[in-house]
Protein chains: 2
Amino acid sequence: MPRWESDAQGRLERAALELFETQGFERTSVAQIAGAAGLKERSFYRYFPDKREVLFAGDELEAHLVAGVEATDPDLTPLEALLTALRTAEETFRPREFLLRRAKVIAANPALAERDLIKLADIADALARALERRGVEPGRARFIVDVVLAIHRRAASRWLTDPDTTLSRLITRAADELREEVTPPTPPADVAP
Amino acid sequence: MPRWESDAQGRLERAALELFETQGFERTSVAQIAGAAGLKERSFYRYFPDKREVLFAGDELEAHLVAGVEATDPDLTPLEALLTALRTAEETFRPREFLLRRAKVIAANPALAERDLIKLADIADALARALERRGVEPGRARFIVDVVLAIHRRAASRWLTDPDTTLSRLITRAADELREEVTPPTPPADVAP
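Under an unreviewed UniProt entry, the name given to chain A is TetR family transcriptional regulator, and the source organism is Embleya hyalina.

### With respect to the domain arrangement of chain A
Residue and element names in this part refer to chain A. When the domains of chain A are assigned, the result is domain 1 (1-54) and domain 2 (56-182). In this structure, domain 1 and domain 2 have C-alpha centres spaced 25 Å apart. Between domain 1 and domain 2, the residue contacts involve 15 residues of the former and 15 residues of the latter. A buried area of about 1400 Å², summed over both sides, lies between domain 1 and domain 2, and 52% of it is on carbon and sulfur atoms. Scanning the region where domain 1 abuts domain 2 turns up seven salt bridges. Scanning the region where domain 1 abuts domain 2 turns up nine residue pairs in polar contact (both at pLDDT 80 or more). Counted by class, the side of domain 1 that touches domain 2 contains six nonpolar, one polar and eight charged residues.

### Details of the relation of the copies chain A and chain B
Between the two copies of this chain, the relationship is a rotation about some axis together with a displacement along it. Between chain A and chain B, the superposition needs a rotation of 180° and an axial shift of 0.0 Å, giving an RMSD of 0.0 Å. Each copy turns onto its partner about a two-fold axis. Identified as the residue of chain A closest to the rotation axis by C-alpha distance is Val147 of chain A, at 2.8 Å.

### Remarks on the nonpolar core
Counting residues in each nonpolar core, the largest one holds 111 residues, and the members touching the most others are Leu55 of chain A together with Leu55 of chain B. If one sorts the elements of this core by residue count, helix α8 (residues 138-161) of chain B sits on top with 12 residues. With near-sequence residues (within four places) excluded, Leu55 of chain A lies in contact with Glu13, Leu17, Phe20, Phe98, Arg102, Val105, Ile106 and Leu112 of chain A.

Calculation criteria
- Residues numbered from 1 in each chain as written.
- Chains lettered and ligands numbered in written order.
- Predicted model: local features only at pLDDT ≥ 70, side-chain atom pairs only at ≥ 80, totals over all residues.
- Heavy atoms only, no water.
- Domains from an automatic or database assignment.
- Contact = heavy atoms within 4.5 Å.
- Buried area = accessible area lost by both parts, 1.4 Å probe.
- Salt bridge = Lys/Arg side-chain N within 4 Å of Asp/Glu carboxyl O.
- Polar contact = N/O pair within 3.5 Å; in protein donor to acceptor, adjacent residues only side chain to side chain.
- Nonpolar A, V, L, I, M, F, W, Y, C, P; charged D, E, K, R; others polar.
- Least-squares fit on C-alpha atoms with pLDDT ≥ 70 in both.
- Core = buried A, V, L, I, M, F, W, Y, C linked by side-chain atoms within 4.5 Å.
- Buried < 20%, exposed > 50% of the residue type's maximum accessible area, 1.4 Å probe, protein only.
- Helix = DSSP H or I, 4+ residues; strand = E, 2+ residues; numbered from the N terminus.

Have a look at this one:
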């Protein structure tokens, strides 16, 4: 597999990000992105269905996570199966510096922010179906997916800004924090008179 | 406050839902919705900025939840403060039968499904800011909001289909389930030889 930095898809993604940053998402055309990546416009559409999609890397993350869930030990709890899959998601990530810039561009463009929400909803649907295939009841599957995506978001936002750690460790940390958040505070012990 | 069934906003919401169901979202115009509600087209825009918004009831739920968080005992944990606010959300809900039909129309229309995701993201942002005003660090605030919205979704989907229970009770039930999901299974006790 070619390195992301040098292959056509990677060049398109980096060219698009650069153009969105400098001249804005709305004012950038697919032809410009392709041109900046040294490709013809029609090559763009071999990788992405439209301009909004170029920052969302197709369905790589979704496919990776679903395969990850399918590969986990069937004895794991559904929550642990999802966390196990998420711990390896870093493999599909673009470089941190690219992702930080990408997050800013997405936050600044409503059309991209919408697509981001839709992508996440699609991933949630796919993961819920993967849990259902393990025999988890649909309502419970969706609930666990929603909770795990909260853990993932907490971990991924730390990962973005902390170069010294792995996503896997941050997932474990966020899962531990969740356990604390939902555990009612212990009332002070009675002191015997 | 007029009953939702008879006031202009309620009439517009019910007329829109009916038209979206029978002829589809795309083929329904604002003028038709207003006409079916016995109003002029320009009256529609007193209540909703556009056609997509008519099923989303403005910012009632968001305002209700933020006010709810602000009214809770400052000694509650952030998670409990949010759950306490959510337990009263039922007051702002439309009738169950309307919401069930609404959910089907939204699921069938990508434009409405997008707006639904955006509304939820807006509510999440507002609730995270409400927790920050209680002194919760922003990353933790967002994490707790995400978790609580997972609890809310679990409770609300049961509420929709179970007429014999209250949202408040279902919130408590889902929070209890979450506690179980994140508690590692107890290993079998060692049996002393």
